[in-house]
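# Examination of the molecular architecture
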Amino acid sequence: MSDDTTAQTIVGNSNVFSTAGNIHIEHHHYPPGSAPPSPPPPLSGKFDLSRLPTTDSTLFGREDELALIDQAWQEDGINVLVLTAMGGAGKTSLLRKWIDDKRYRGADAVYTWSFYLQGSSGEEQASAAEFFDNALAWFGHDGSPIRSEHDRGVKLAELVRRQRTLLLLDGLEPLQYPLGGAMNGALKDKGLISLCVQLAANGNGLLLISSRQPVMELNGRPHQHQHELEPLNAAAGISLFHAAGIIGTDKELCAAVEAYNGHALSLSLLAKYLSEYEKCDIRQQDTLRGLTDFPEETAESRHAFKVMAAYERQLSGSPDLQILFCMGLFDRPVSAGAMSCLRKEGILSLPSDERVFRAACGRLRKQGLLNTVRPDQPQNLDTHPLVRQYFGKRLAELHPESWRQAHVRLYEHFKAAAKELPDTLEEMEPLFAAVRHGCAAGMHQQALDEVYWPRIRREKDAYLCKKLGAFAADLAVLAHFFAVPWHTPAVGLTDFWQADVLNWAAFRLRALGRLSEAAEPMQVGLEMRIKQENWIEAAKDASNLSELHLTIGDLAQAVAAGRQSVDFADQSGAAFHRMSKRTTLADALHQAGELAESHALFAEAEKILQEWQPNYDRLSSLPGFHYCDLLLAGGAWPEVRGRAEKTIKIAERNNWLLDIALNQLSLGRAAVQEAIAQTGLPVISGLAPDLACVQPLSGYAEPIRRGDERISGYDERISRAVEWLNQAVDGLREAGVEDYLLRGLLARAACYRWAAHFPAAEQDLRECEEIAQRGGMQLHLIDCHLEAARLALASGRAVLGRTAEEHLAAAEAGIAKTGYKRRLAEAEQVAAVVRA
């Protein structure tokens, strides 16, 4: 890592140019850490419509919605349009009709994607990685792979807006958390969040989305509109029946539409059923029996399941029904290879004769129970998620052993399909599928022993998290090892591994900012380790719990769990854990304002390290970062710089994403403090110099001078600090740990304040506030309020819609509630300025 201090051009949230000792900051509307777009020419007439599912081209009763999409596409003002409705309401058919009619006239590029391709089970399994891999390449990204989810979204938005583009994303709900839950409908992927927010703020064309629920991250933002589709009205339903040749009076047809609540899929299946089996007589719909016991039935699926039950009775004993049962084994389109595997093994009595198999598929397509053929993947089979859900559940109930054996065969198929040690998420996909099917077959321990532990996780390397920063993808795989996520591990796991999967899930939940969900598996895992008298694992679990309580803002519990982790580590006798768990407790004590004990514990931990590993004289990784944080609180920037310059080399040799970024963060803060030290400003005891509430020294503000000369070297050092902090924020995004990303954004906001680049500072604080509020990170919210108060005083205007006084009041209330005494000196200094 270069330590060049000239920093002629620094790219990030802004461009910083050092010229003649002055800093000129040129602000652009790019997110923090992103580079401005390069100038290649736009795409020319490029279209990819292949990934939108093929449906019946006939559409009934959606004229208003077609006009709404026309308006959003043709007129300025709407950059993002979201169409929401229950499953089976006809969202995909609506989009397919609009596309087939080529109503996107004037587009330079059209790109479609359906997230149903990546799973529609509604569980914790979906990932946007495949979408971003394909979309980035299609739109012309030919640079190095972008591993940070956030940066992928930023880059794709940049590429999309280079030309007038229609970007269509169908079936977004697998990538959304349920409404009303802990995450209240939030998007699971940070890349999708940044893509949607970026294109809403600055689009060139239209982002068109369909989902069963609104995109919560867009609420309240300008240039977006979310529209809920109503059920089909009587006129549309009658037209549907007439088109299918159904016989009956308008009154009878209208009664059927009302009986099925205007549910488009249900009415379509009913019409085809009556045409096939009941001589097109609408009066025969009364013969369809309701479901008596189907626990997965919902308001949106009840009527569709009723028709599917009638089909099941009619198709009994046929290859058609066996194919439908087979579709229920999957939560995504079925590849030709997977289907071939099942047919060769004779599973589910699938026809081995190709002509018989194709004929059965043809009949199912005619009946609307299989989707029409996709031109780009003609051998794959797909169906509506509700069809998959119904027949999968019925297979498990009626033929449990066939269900299990099919998943066993699929486990072996996908396990053999992947390279031994995949390097990318795309290469990992067969292994993810193997875990999915192995656990569905009840082979949880075998799937963990043979696939997850050695090939996905790579044992103690935690490959997905440490090397790819793919916490969400790892959590999606871990979900299969739970009976009830994230509370009850599968009974097929041994006690030892049950405790491990609890701890792994909790760590990933915490990294993703899902703190309220992380607490329970951490506590349950810890109790299991104590019962097992496994003191090393108990020490690790207590340490993780301490860090979680710290982030949530429960300082008392954080200190208590930290002391517990030290006790367990000492019982284990393991030098590494005796060292590292002391630093966990020391950090909790630092935040609680117990500085003397914190310093003593860090020194004790470093002594243990030196005795255990004589070649390592300083704490590194997270322990080293937390120690540097304590040292910077006292203005000891020279020592921090020396430590971080040494430990970053260890992190770079091992390609530890988080450790590299944390060292860059320490170096950035040290550089800010070094620049401030050159000014001769007084140091306030107990207050980190970069968090002092004073007038900025450069940029838009009047610079501090000594006589007629600017303070020598200040601007160059601030430029160097911005460079380090930009790298740190980029690296923390790539590492995928929201807790530490907030620390980087807050540090960079303070640096921008010192450089008097107030818009960039506020932009970082806005992102901090959104993440901290979403994750319930109380200490980071307090930090955000304090820095916002300092920024409001420096800029002379409100920040994030509030005055310095309002931010100070929120911070003081938070400190009193949480015991966050570390920030008392900062709050007191801000109060002295505000209330002077």
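Worth saying up front: this structure is predicted, and the values here are computed from it rather than measured. (Residues numbered from 1 in each chain as written. Predicted model: local features only at pLDDT ≥ 70, side-chain atom pairs only at ≥ 80, totals over all residues. Heavy atoms only, no water.)

### Here's the deal with the packing of aromatic side chains
For the coordinates displayed, the defined rule picks out 26 aromatic pairs. The interplanar angle of 40° and the centroid separation of 5.9 Å between the aromatic rings of Phe47 and Tyr104 together place this pair among those described as tilted. Of this pair, Phe47 sits in strand β4 (residues 46-48) while Tyr104 sits in the loop between α2 (91-100) and β6 (109-114), and the two are 57 residues apart along the sequence. Clustering of aromatic rings is evident, with ring pairs tying together Tyr452, Trp453, Phe481, Phe496, Trp497 and Trp504. Positioned above the aromatic ring of Trp138, the side-chain terminus of Lys46 is 4.8 Å from the ring centre. The ring of Tyr463 carries Arg458 above its face, with NZ or CZ at 3.8 Å from the centroid. (Phe/Tyr/Trp six-rings, centres within 6.5 Å; stacked < 30°, edge-to-face > 60°. Helix = DSSP H or I, 4+ residues; strand = E, 2+ residues; numbered from the N terminus. Lys NZ or Arg CZ within 6 Å of the ring centre and 35° of its normal.)

### Comments concerning unusual backbone geometry
Residue Trp486 follows Pro485 across a cis peptide bond; omega there is -5°. You can see Trp486 is positioned in the loop between β10 (482-484) and β11 (488-489). Of note, Lys279 is a non-glycine position whose phi angle comes to about 55°, a positive value. Looking at the secondary structure, you find Lys279 in the loop between α8 (264-277) and α9 (302-314). Under the relative-accessibility criterion, Lys279 is labelled exposed at 75%. Phi at Ser349 takes a positive value of approximately 55°, unusual for a residue other than glycine. The residue Ser349 is located in the loop between α11 (336-345) and α12 (354-366) in this model. (Buried < 20%, exposed > 50% of the residue type's maximum accessible area, 1.4 Å probe, protein only.)

### Re the environment of Gly191
You can see Gly191 is positioned in helix α5 (residues 190-201). In the structure, Gly191 is positioned 38 residues away from Gly153 in sequence and 4.1 Å away in space, judged by C-alpha atoms. Filtering out sequence-adjacent residues up to four positions away, Gly191 remains in contact with Phe132, Glu149, His150 and Gly153. (Contact = heavy atoms within 4.5 Å.)

### Here's the deal with the side chain of Asn544
Within the secondary structure, Asn544 is located in helix α21 (residues 535-552). With relative accessibility at 13%, the residue Asn544 sits in the buried group. Separated by 3.1 Å, the side chains of Asn544 and Asn503 make a polar contact. Setting aside residues up to four positions removed in sequence, Asn544 forms contacts with Asn503 and Met522. (Polar contact = N/O pair within 3.5 Å; in protein donor to acceptor, adjacent residues only side chain to side chain.)

### A look at the confidence of the model for the protein chain
Looking at the protein chain as a whole, the pLDDT averages 86, with 89% of positions reaching at least 70. Segment residues 1-42 is flagged for pLDDT under 50; beyond a separation of four residues in sequence, or across chains, it makes 106 contacts in the model. Under a pLDDT of 50 for its full length, residues 698-712 has, in the predicted model, 35 contacts with residues more than four places off or in other chains. (pLDDT = per-residue confidence, 0-100.)

### Notes on the packing of helix α10 (residues 319-327) against helix α13 (residues 385-398)
Two numbers describe a pair of packed helices, the interaxial angle and the distance between the axes. Between α10 and α13, whose axes approach to 7 Å, the crossing angle comes to 100°. Considering their axes alone, α10 and α13 lie roughly perpendicular with respect to each other. Of the residues in α13, those touching α10 at Leu321, Leu324, Phe325 and Met327 are Val387, Arg388, Phe391, Arg394, Leu395 and Leu398. Of the residues in the contact of α10 with α13, the class split is 8 nonpolar, no polar and 2 charged. (Axes fitted to C-alpha atoms, helices over the stretch in contact; angles between N-to-C directions. Parallel < 35°, antiparallel > 145°, perpendicular 65-115°, else oblique. Nonpolar A, V, L, I, M, F, W, Y, C, P; charged D, E, K, R; others polar.)

### Comments concerning the sheet that holds strand β7 (residues 165-170)
Here we have 6 strands laid out as an open sheet, ordered β4-β6-β7-β8-β5-β9, and parallel in their pairing. Only two strands of the sheet have a single neighbouring strand rather than two, namely β4 and β9 (224-228). For this sheet, the mean inter-axis angle between neighbouring strands, taken without regard to orientation, is 10°. Pairing analysis gives 5 bridges linking strand β5 (residues 80-84) to strand β8 (residues 205-211), with the strands arranged parallel. Along β8, the bridge assignment pairs Leu81 with Leu208. With respect to the sheet, helix α1 (residues 63-74) is in contact with β5, β7, β8 and β9, its orientation differing from that of β5 by roughly 165°. Of the strands in this sheet, β5, β6, β7 and β8 touch α2, which is tilted by about 155° from β7. (Pairing = 2+ DSSP bridges.)

### Some remarks on helix α31 (residues 778-795)
With 18 residues, α31 should cover 26 Å at 1.5 Å per step; its first-to-last C-alpha distance of 25 Å lies within 8% of that length. Taken across its 18 residues, α31 has 16 buried, putting it largely inside the fold. Positive backbone phi, approximately 75°, marks Gly796, located one or two places after α31. (Expected span 1.5 Å × (residues − 1).)

### Some points on the pattern of salt bridges
Scanning the model with the defined rule gives 60 salt bridges in all. Across the pair Asp570 and Arg582 runs a salt bridge whose closest N-O atoms are separated by 3.0 Å. Taken as a pair, Asp570 in helix α22 (residues 555-572) and Arg582 in helix α23 (residues 575-591) lie far apart in primary sequence, 12 residues in all. Classification of Arg582 by relative accessible area gives buried; the value is 6%. A salt bridge links Arg748 to Asp764; the shortest N-O distance between them is 2.8 Å. (Salt bridge = Lys/Arg side-chain N within 4 Å of Asp/Glu carboxyl O.)

### Re the nonpolar core
Counting residues in each nonpolar core, the largest one holds 204 residues, and the members touching the most others are Phe241, Leu329, Ile456 and Phe481. Excluding residues that lie within four positions of it along the chain, Ile456 makes contacts with Met428, Leu431, Phe432, Val435, Val451, Tyr463, Leu464 and Val477. Membership of the second largest hydrophobic core comes to 33 residues, among which are Val80, Trp113, Leu199 and Ala200. (Core = buried A, V, L, I, M, F, W, Y, C linked by side-chain atoms within 4.5 Å.)

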